[in-house]
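Results of the structural survey
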Amino acid sequence: MTILFSILVFLHVVGAAMIVGYWIATMRQPTVHPRQRDGAFLQLLTGIAMMGLLPLLHSQDPTNFGDPNYAKLGIKFVIGVIVAVLAVIGARKVKNGQPVSTGLAHGVGGLALINIAIATLWN
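Here the structure is a predicted model, which means the values were calculated and not measured. (Residues numbered from 1 in each chain as written. Predicted model: local features only at pLDDT ≥ 70, side-chain atom pairs only at ≥ 80, totals over all residues. Heavy atoms only, no water.)

1. A word on the overall build of the protein
For the protein, the helix and strand inventory stands at four helices and zero strands. Of the regular secondary structure in the protein, the N- to C-terminal order runs α-α-α-α. Taking the principal axes of its C-alpha atoms as reference, the protein extends roughly 50 × 25 × 20 Å. Within the protein, the fraction of its 123 residues that count as buried is 36%. Counting contacts in the protein only where the partners sit at least 6 residues apart, residues at least 24 apart contribute 75% of the total. Surface accessibility of the protein: about 7,200 Å² in total, with carbon and sulfur atoms responsible for 69%. (Helix = DSSP H or I, 4+ residues; strand = E, 2+ residues; numbered from the N terminus. Buried < 20%, exposed > 50% of the residue type's maximum accessible area, 1.4 Å probe, protein only. Contact = heavy atoms within 4.5 Å. Areas by Shrake-Rupley, 256 points an atom, 1.4 Å probe, with all protein chains shown as cover.)

2. Examining the nonpolar core
I19, V32, A40, V83, V100 and V108 are the most contacted members of the largest nonpolar core, which totals 16 residues. Among the elements of the structure, α1 (2–25), α2 (34–60), α3 (70–95) and α4 (102–121) are those that each provide at least two residues to this core. Counting residues per element, this core draws most heavily on α4, at five residues. Residues contacting A40, with those up to four places away along its chain left out, are I19, V83, A84 and A87. (Core = buried A, V, L, I, M, F, W, Y, C linked by side-chain atoms within 4.5 Å.)

3. Some details on the packing of aromatic side chains
Tallied over the full model, the rule gives one aromatic pair. When the ring of F5 is compared with that of F65, the centres are 5.6 Å apart and the planes differ by 85°; the resulting orientation is edge-to-face. Residue F5 is located in helix α1, and its partner F65 is located in the loop between α2 and α3; the two are separated by 60 residues in the primary sequence. No difference in accessibility class separates F5 from F65, as the two residues are buried. (Phe/Tyr/Trp six-rings, centres within 6.5 Å; stacked < 30°, edge-to-face > 60°.)

4. Description of the layout of surface pockets
The rolling of a water-molecule-sized probe over the atoms marks out the regions of remaining empty space. The space that makes up the largest pocket amounts to roughly 770 Å³. Where the lining of the largest pocket is concerned, the elements lending two or more residues are α1, α2, α3 and α4. In terms of residue count, the dominant contributor to the lining of the largest pocket is α2 (eight residues). Of the residues contributing to the lining of the largest pocket, the split by class is 19 nonpolar, nine polar and three charged. (1 Å grid on protein atoms, 1.4 Å probe; cavity = no way out; pocket = protein on both sides within 12 Å on 5 of 7 lines; lining within 4 Å. Points joined across faces, edges and corners; volume = space filled by probe spheres on them. Nonpolar A, V, L, I, M, F, W, Y, C, P; charged D, E, K, R; others polar.)

Purely geometric stuff here, so don't read any function into it on its own.
Encoded structure:
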């Protein structure tokens, strides 16, 4: 079970890298890349899977897996959904040849970065 959780964490980090990496790469001319949308969905799917595994892991090994912080996980989930929605809107605009607003592009990357900060700094 811990191996599965570790794989999910790895994929979760890859999703974050896809979002933030493309955001940083397009900082001069902000846009939303379709891979950012893919990264947002990867983050949502792996995050939900990890949320489901945490209670099981806690019951098996409470010293390594403390009580799940559902307030933190809920806030991260809401931000993740917002990032995914913004990424879908931006990717559709790019696909249709429409301009992507700077606010939309920075919303995708900035909110993903805030989610990373919550994950790492909130104990």
